[in-house]
Every structure is written in C-alpha cells, then in structure tokens.
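This is what each chain is made of:
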Number of protein chains: 2
Amino acid sequence: MKLPDFKVEQWMNDHEMDAVYNLTDTCVKALSLQELLSLETIDESSLILDYGQITGSKHVKEAILSFYQSGTIDQVTTCHGCLEANHLVMSTLLEPKDHVITCVPGYQQFVDLPRSMGCRVSTVTLDEAHGWSCDVNRVKDQIGSATKMIILNNPNNPTGTHFSDAFLYELARFCKDKNIYILCDEVYRSSERETSISDIYEYGISTGSLSKVLALAGLRFGWIKGNEEVIHAVNVRRDYTMISTGPLVEQLAFIAMKHKDEWLERSTSIIQKNKAIIRSWLKTEKRFHVQLPDTGTVSFLKYDFNMPSEQLAETLLKETGVFFVPGSCFNCEYHLRLGLGQDPEQMEKGLKLMSRWIDLRLHS
Amino acid sequence: MKLPDFKVEQWMNDHEMDAVYNLTDTCVKALSLQELLSLETIDESSLILDYGQITGSKHVKEAILSFYQSGTIDQVTTCHGCLEANHLVMSTLLEPKDHVITCVPGYQQFVDLPRSMGCRVSTVTLDEAHGWSCDVNRVKDQIGSATKMIILNNPNNPTGTHFSDAFLYELARFCKDKNIYILCDEVYRSSERETSISDIYEYGISTGSLSKVLALAGLRFGWIKGNEEVIHAVNVRRDYTMISTGPLVEQLAFIAMKHKDEWLERSTSIIQKNKAIIRSWLKTEKRFHVQLPDTGTVSFLKYDFNMPSEQLAETLLKETGVFFVPGSCFNCEYHLRLGLGQDPEQMEKGLKLMSRWIDLRLHS
C-alpha cells in the first residue's frame, strides 16, 4: 500500500546527525541506560529473553494505568512506541472508504496512513491567529455518515495546541451516538492531570509512550488504552504484526514508569529553562513569533522574512549547525518546528547563532 | 482491516504459561540477559536512549550481512522481529486485488494478512506423503498475470519443509521475467550456508531474526534483506509504523550476531539431543510419526488414533502439563507441532508422559 515520504521523519533521518544545536527535537534530552538503571537495577540472570507476556505483564499495565484516571488492565496493551500504537489502532479499526477527520498542521501519519488504506481523510486547519486553537464546531461540521474516526494529537505536533476540556467533552458528546472513535495521540501529554480521551469517552482511544517527556525514545515502548473491545481487536492484530515488546524493554519501561515523577521533574525543569530562554530571545528578536504551549515539548516558530522554510533550515544547518525541521514538512511555510526539551545551553547558543546568521544573510 | 484470530499465536498466548513440558515452542531455549552479556558488556553511560540510527547502524547491518553470501548495507533494514519484517514487506509491496501464493500447512500470517489487505491468496498444499515436500510446478501452476508475490517459509513452520536449492532456483528463474517477488521468511534458517532467496534472486526478499536458532526472541530484533528499491520503499513505510528498533536492542543484537557461532553451537547441540530423544521414543511409540528436518527447529508430529488435535492438546496439557500446539491451528488434523529447541530433559520426560497418558486414555 503506497505511502509518500513521511516528510518530518525523513528530514530528521537525513539531517539530525549533522546537528550541533538541535532546537527541533520533540523529545526531552534522552536519558542514558546508566541514568535509568541508577534508580533500580535489573536481575540479568533471571531476565530470560523469550517473548515474555504477549500483551504485557499485569504490573506493567498497572504502571501504564497510573497515567490515567480510570481503566483496567484489560483496557491496555503494549507496543513499540506511540507511532506503532497509532498504526495498530488505525489498521485494526479502519476499512477502505471509511471517513477520517484530523487537524493540520499535524502529524503526517494521521492523514497518509488512513489514505493508504483507502480511507477518505478530511482535515481541519488549526487557527494560528488564535494561538493555533480549534473550534470544535469546525470538526463537528466535517462529520458525516461514513465518519469512523477522528484523530487528534493532544498536545499537537507541531503547533503545541492543547485541546481544551470543553473541546474534548463536546466532541465526545457529539460523537457518542454515532459510534465514532476518537483516537488521541497523547504522546506529548505530561501528567495524569491533563484530560485523556480514554478517561472521558467510551470510544476514546489514547496512545502514549515513554519517548517524549519521559526522555526514553530508545526503549521504543508505547501503549494503547481504549475500551475492552477495541483492545481485544488490537491484540488480535498484534499477533500478525509484533507479538510482544519482549521482557527486557518491558522491565526497563516498568522502572521508568515507577519513577516517572523523578523524570518528570527533570523534564519540567529543562522545558521551563528553554521556555525562559526563548521568551528572553524574543524580546530582542522581532522577526520571530511563537505561541509557547502550557504543556508538551513542541511549538511552531513563525518568521516574517522572505525565505522558504526548507532553504532556511537547510542553509542554517549547513552554515551554523543549528537544526530545525522546516514548516514545509508540515505543509506550512515560514515556520520552523521548535522543540522545548533539549539542552538549554544549546537552545541559548543556537537561537543567538540563528539571529546573527540572519543578520548577516538578510542585511549583507 | 479485519483479521481472524491468529490461531497458533492465540494458542501460545492462552496456554503457554501453563506448560510444564513445552514440546511445541519453535525457539531454542531462550538465553538470559546475563548469558548474552557474559560475552561482551555494554557501556551503560554512553548508551543514550534516543531513537538511534533510524534504519540501523552500519555495523549492525554488516553483522546482519554475515548471515548471507551477498549484499550491501543499503539492502538491509532492521525491525522488531521477523513477524514485523514480513508485515512490513507485505504492507509495502502489496495492493488490493494483487494475487499472492503461499504453502500450507504454514504460518497463518502469509494467508490472512494479504487477505485483510484485499489481496487474493492461493495456497499450495505441501505433500505429506513425500516428507512434506513441494513440487515447484505446483507453485508455478498457480501463477497468473495478477501474481505479485510468492511467500515461503524456509524451513517451514510447522512442517519443517526445507525448500531445496533446485526448487528455489527454478522458482526464481520462472518468476524473474514476471517481476514477481518471492518473500522468504527465513527465521528458521540456521547458517549462511543454507541458500537464502535474497542471495539468488533480484526480487527475492529474505526476512530473519534472532528469535529462533539464536534463542533471543525477547530482543524483538529482526531484519529485511532485499534489493535497494524494496528496502527504500520499506524504509518509507517504517517511518509510519515503527521509526527504529532503538539503540539498546540494536547493541544487544550486535553482540549476539558477533558471537553467533558460539550460540549456534549451543543451539545445534540442543536440537541434536532432542532429535535423538525423539528418534529413540519413536522406536517404541508406534502411534506417532514424524519427518525430522535436517535444519530448523520445527516439525509436525502425526498420530494415528482418533482424537481431534485440539482436544488432545488441551486435555494433555491440563492433565500432564505436556504442551503442544494442535494441528487444528494449522487446519491440519491429527498432528501436533513438535519444537526441537527446548530443554532435552523436558522433551524426554514430556514424550514419555504423553505415551503413558495415551495408554491410559485410549485403552482404559
């Protein structure tokens, strides 16, 4: 089933290794294995590298549930990261000709994966003039008799949009009678206090992982939470696509989740520092504008000079080592994706370098 | 996209934990993390848990190529196990209405996954009377203008069939002009001396993993080897489904592959012991028959008394702890899948227990 290049992933794959100042990554600065194991060790002799428990052990599922307000272990299954979680949900529940709705600028998976399966996909453009917000009526207006699923990313990559409780409750209320699934990729969600779609809606499906605020993308550990029927159907498909995450990754994920408050404290501190640096930079840098989000690790930097974003990102990287994903990867020109979780020192230096580079480029 | 239960995986998931004598697992007795790390340690402080190199590092790809006679690192990509490798290949290359051919009894993924994508699937039944062999003309006879892919499992689960060089070369020769892919799941292949489809055919795609003869299913590490065009297309899809295996799994996989000769020696010894035990058991146990394969870890035990295989497997497990996957999971009655890689002591005890149990059951 044909798919176009996944622009943002392709950009990261092609350029990330050249970055000196990575200002675009959406993960918090990754932990080392040593840092993870500093909190708790694993017994290497009793860790047998067989398939392990296929859909995840009871205790790992309970640890996942600690991110939510409700749910039982039969409402959870594990997988390799949130991207795979989304893929599993879509390929389990969608059929050719189903109608899907999602928001743009957004994560390309939500548009092109359903399309490759023969679904019709409608998009709702987020309102940049109002802080990249979304009027729930604009989503409701797209719903028709063939609508099977609405896909949200909350907070949203790349805009940082945090869909409000009012938005989520109203959308859930409207979708309920129509049996429409709301798949919500909550990979940028930071705390169990932020509303999860799976806690408030029977046909709400939440996906998550340890990759972003928990800074452990390298474990490739994610999960799906939904109603029992959905999770059962996903588990049937899992047997054809992945079998299990394996016991090693599961044990390490368990340790990470058990100590999540420590890691979240570290992440929050990094994110706050970066936000302060960005705010301070913007006081003197008037060519850029950004809506910094209350939660999550991602924002979308707008600039008001005339250079296509791909050219800007490419030349900037080549000449300064400052690394951004261009807005063109999200079909949204004159923007750069600004990540909030990497090294604050690099953020400070990188932003200054970029300003100086633009001074020279545009005014020389 | 709807899928039926994956019978053998479901059976394993539902019953494996109750097994005392596991005579059906197709993996060699799994290694512990300690055993794996006894050969080489990893530097936990320099192992940063970010996404790592997206399609796998150069050195891990070179290690994968050591299983083959030919190929460059651009002809290899990594993933989480061989099942995912197969899934990636099928979902990348197949479109609705394509025609696919595979052999039965075989691995259900090869039939039901393409069907769920809207493909037409033809099956060729392996010839039990001739040691579960396959006449290449019977496959060729199925090929038509819509045929896009032939899927083999070499050696084959559950029959142990090892497709001969003559078979593979003739099929490749016949398919070449028609641009038909041959996807060959080589997860049970033991050595680079056994012919791999990707070494002999331009449109041949090999998938493999560390799960079976290398006894490391828990790492969930697998790969795909094919021509550069196929691997590029798979890598595009990978961005929508998995991103990367992560650096931890990759490093451990690298250690395993670097020392594969040591592990293969251990595995060969276990498999030989089990085969000797089975041969000895069959000398006095006339109700069972099996074609023990020259290579691989799987065989298909036939019995000649009148009890449906599911009833046999279920009651046997419940009353004795002896665990088999019934032939019904492969739509092939009066058979049990017999794995060759688990603990020989358990094999010996388990087979004796089964004989005694049947004596009591059938003749009381």
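The following refers to the structure shown. (Residues numbered from 1 in each chain as written. Chains lettered and ligands numbered in written order. Predicted model: local features only at pLDDT ≥ 70, side-chain atom pairs only at ≥ 80, totals over all residues. Heavy atoms only, no water.)

In this section: the packing of helix H9 (residues 228-241) of chain A against helix H4 (residues 81-93) of chain B. Two measures define how a pair of helices packs: the angle their axes make with one another and the distance between the axes. Where H9 of chain A contacts H4 of chain B, the axes come no closer than 7 Å and their chain directions differ by 95°. Here H4 of chain B runs roughly perpendicular to H9 of chain A, going by the angle between their axes. Residues Arg237, Arg238, Asp239, Tyr240 and Thr241 of chain A of H9 of chain A lie in contact with H4 of chain B, whose contacting residues are Leu83, Glu84 and His87 of chain B. For the contact of H9 of chain A with H4 of chain B, the per-class residue count stands at two nonpolar, two polar and four charged. (Axes fitted to C-alpha atoms, helices over the stretch in contact; angles between N-to-C directions. Helix = DSSP H or I, 4+ residues; strand = E, 2+ residues; numbered from the N terminus. Parallel < 35°, antiparallel > 145°, perpendicular 65-115°, else oblique. Contact = heavy atoms within 4.5 Å. Nonpolar A, V, L, I, M, F, W, Y, C, P; charged D, E, K, R; others polar.)

Once that is clear, we can look at the interface of chain B and chain A. In this assembly, 68 residues from chain B lie in contact with 68 residues from chain A. In total, about 5,500 Å² of surface goes out of reach between chain B and chain A, with carbon and sulfur atoms giving 61% of it. Summed over the three residues of chain B that lose the most area to chain A, namely Met1, Leu49 and Tyr240 of chain B, the buried surface amounts to 18% of that side. Linking chain B with chain A are two salt bridges. The salt bridge involving Glu95 of chain A is made with Lys2 of chain B; its shortest N-O contact spans 3.5 Å. Linking chain B with chain A are 39 residue pairs in polar contact (both at pLDDT 80 or more). Taken together, the elements giving at least two residues each to the side of chain B that touches chain A come down to helix H1 (7-15), helix H2 (33-37), H4, helix H5 (109-116), helix H9 (228-241) and helix H10 (247-258) of chain B. A per-class count over the side of chain B that touches chain A returns 35 nonpolar, 20 polar and 13 charged. (Buried area = accessible area lost by both parts, 1.4 Å probe. Salt bridge = Lys/Arg side-chain N within 4 Å of Asp/Glu carboxyl O. Polar contact = N/O pair within 3.5 Å; in protein donor to acceptor, adjacent residues only side chain to side chain.)

Residues and elements named next belong to chain A. For helix H11 (residues 260-284), with 25 residues, the first-to-last C-alpha span of 37 Å sits near the 36 Å given by 1.5 Å per residue. Among all positions of H11, only Lys260, Trp263, Leu264, Ser267, Ile270, Ile271, Asn274, Lys275, Ile277, Ile278, Trp281 and Leu282 are buried. On its buried side, H11 packs onto helix H2 (33-37), helix H10 (247-258), strand S9 (288-289), strand S10 (298-303), strand S13 (335-339) and helix H13 (344-363). (Expected span 1.5 Å × (residues − 1). Buried < 20%, exposed > 50% of the residue type's maximum accessible area, 1.4 Å probe, protein only.)

All names here are of chain A. Most of S10 is tucked away, with five of its six residues classed as buried. Note: S9 against S10, two bridges, orientation antiparallel. If you follow His289 over to S10, its bridge partner there is Lys302. (Pairing = 2+ DSSP bridges.)

This part covers the sheet that holds S10 of chain A. Residues and elements named next belong to chain A. One open sheet holds the four strands; their spatial order is S9-S10-S13-S12, and the pairing between them is antiparallel. Edge positions in the sheet fall to S9 and strand S12 (325-326), since each has one partner strand and no second. In this fold helix H12 (residues 309-320) packs onto S10, S12 and S13, with an angle of close to 50° to the strand it touches most, S13.

That's the geometry; what it means functionally is another story.
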